[in-house]
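# Chains, contacts and geometry: an overview
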Amino acid sequence: KPDIASNFTQIAKSLEDAMFKYLWDPEQQFFVDVIRPDNPNLDKIAGRELIGLYPFRFGIGLDKQYTAPSVQQLFDSQGFYASFGPTTLEIRNKYFKAEVPGCCFWNGQSWPFSTAHVLKSMAAIHREYNATVTAEQYYEYLSLYTKTQTKNGKPYIAESHFPMKDAWSGDSHNHSEHYDHSTYNDDVITGLLGIVPRADNNLQIDPIVSQNWTYYAIENVGYRSHLVSYLYDVEGTRYGLGKGLTVFVDGKQVYQAASPKAVIPLPAARKTV
């Protein structure tokens, strides 16, 4: 109902305004925490935490004045950047500890849950077209994320990972192997390859892929009662379907154009028995 939608829109706007008022710190150039004991004035903490990048994934603060200084910390060796990162607390912080084994510490260890949020924030920033996050930067962080999701040379996911070495910090038998709070598939399918969910009946394809990639494809992704596949081929010689983007829905070709990006009306949903 319109009145319900209007009410929730106003609530969302008031929450967004409060985030800028209370959580954005112009000195640290970052969204920071204010929740701590004996802090009635909601004074901002000193020190950046990875959670300060989460608002961007929800469309909050996507102007360059907020995204540019925040993303800079992702690639700062004294910020969040680490070989198996990102870290959950900036490395320069006096409370940073990366080598504490066990669970659950959020003052340095790399958490797949947090990394997944950050990748979605990077994707949202990139798709805002303010040039703060490049496709190469997104892929770099996706690659770091990929490196952490192994154990003994096989795919594996646990609670937390040491950011400076290839080992899980929070990893207990008959627990961690079922934890699975990573969203790696989303960060590849929606993030990298750009099948972006929408509220309407259109299929949006908006990959975050370097221009150096001359071909890539994804097959049979379930989306709104359809199976979607697409192939992108700059020269048209890799897949033999012509140059550019070719899209199939339920096995039928529905689109072809030179650009790797498109918004395409979906056909009527398939009947199910």
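A brief report on the enclosed structure follows.

Cut-offs and rules
Position numbers for residues count from 1 along each chain, tracking the sequence in the order it is written. For this predicted model, a pLDDT threshold of at least 70 governs which residues receive local features, and a threshold of 80 or more governs which side-chain atom pairs are given and counted, while totals over whole chains, interfaces and linings are taken from all residues. Working from all heavy atoms in the structure, the side-chain values ignore hydrogens and water. Each salt bridge in this description consists of a side-chain nitrogen of Lys or Arg and a carboxyl oxygen of Asp or Glu lying within 4 Å of one another. Each helix corresponds to a stretch of at least 4 residues labelled H or I by DSSP, and each strand to a stretch of at least 2 residues labelled E; elements are numbered beginning at the N terminus. Exposure classes here rest on a 1.4 Å probe applied to the protein chains alone. A residue is buried below 20% of its type maximum, exposed above 50%, and partly exposed in between. Pairing between strands is defined by DSSP: at least two bridges between them are needed. For helices, the axis comes from a line fit to the C-alpha atoms of the stretch in contact; other axes are also lines fit to C-alpha atoms, and the angle between any two N-to-C directions lies between 0 and 180 degrees. Stacked, tilted and edge-to-face are the three classes applied to pairs of Phe, Tyr and Trp rings, where Trp contributes its six-membered ring and a pair requires centres within 6.5 Å; stacked means planes under 30 degrees apart, edge-to-face means over 60, and tilted covers the rest.

With that out of the way, let us pick up the pattern of salt bridges. Counting across every chain of the model gives 10 salt bridges. Across the pair arginine 127 and aspartate 206 runs a salt bridge whose closest N-O atoms are separated by 3.6 Å. With arginine 127 in helix α3 (residues 112–127) and aspartate 206 in the loop between β8 (202–205) and β9 (215–223), this pair connects stretches of sequence that are 79 residues apart. Considered together, arginine 127 and aspartate 206 belong to a single accessibility category, that of buried residues. Across the salt bridge formed by lysine 151 and aspartate 171, the nearest N and O atoms sit 2.8 Å from each other. Of the two residues, lysine 151 sits in strand β3 (residues 150–151) while aspartate 171 sits in the loop between β6 (168–170) and α5 (184–192), which places them 20 residues apart along the sequence. Lysine 151 gets classed as partly exposed once you look at its relative accessible area, which sits at 33%. In the salt-bridge network here, residues are joined through shared partners; they are Arg48, Asp76, Glu90 and Arg92.

The next point concerns the sheet that holds β8. The strand order across the open sheet formed by three strands is β7-β8-β13, and the pairing between neighbours is antiparallel. Each edge of the open sheet is held by one strand with a lone partner, namely β7 (195–196) and β13 (262–265). Across four bridges, the pairing between β8 and β13 is antiparallel. Counted as the bridge partner of leucine 203 is isoleucine 264 from β13.

Pairing within the open sheet is antiparallel, and its four strands lie in the order β9-β10-β11-β12. Two strands lie at the open edges of the sheet, namely β9 and β12 (252–257), each paired on one side alone. Each neighbouring strand pair of the sheet contributes to a mean axis angle of 15 degrees, computed without reference to strand direction.

As defined by bridge partners, β9 adjoins strand β10 (residues 226–233) across seven bridges and the pair is classed as antiparallel. In the strand pairing of β10, tyrosine 216 is matched with tyrosine 232. In sequence, β9 turns back onto β10 through a hairpin of two residues, with arginine 224 there showing a positive phi of about 50 degrees.

What follows concerns the packing of aromatic side chains. Within the structure shown, the criterion is met by 18 aromatic pairs. Relative to phenylalanine 31, the ring of tryptophan 24 has its centre 5.1 Å away and its plane inclined at 75 degrees; by these criteria the two rings are edge-to-face. With relative accessibility at 4%, the residue phenylalanine 31 sits in the buried group. Arranged with centres 6.5 Å apart and planes meeting at 25 degrees, the rings of phenylalanine 31 and tyrosine 66 form a pair that is stacked.

Residue proline 86 is reached from glycine 85 by a cis peptide bond, and omega for that bond is 10 degrees. Tracing the backbone shows proline 86 in the loop between α2 (64–74) and α3. Not every positive phi belongs to a glycine, and asparagine 152 is a case in point at roughly 55 degrees. Note that asparagine 152 resides in the loop between β3 and β4 (154–155). The exposure class assigned to asparagine 152 is exposed, which follows from its relative accessible area of 72%. The backbone phi angle of arginine 224 is positive, close to 50 degrees, even though this residue is not glycine. Counting through the fold element by element, arginine 224 comes out in the loop between β9 and β10.

Keep in mind these numbers describe shape, not what the thing actually does.
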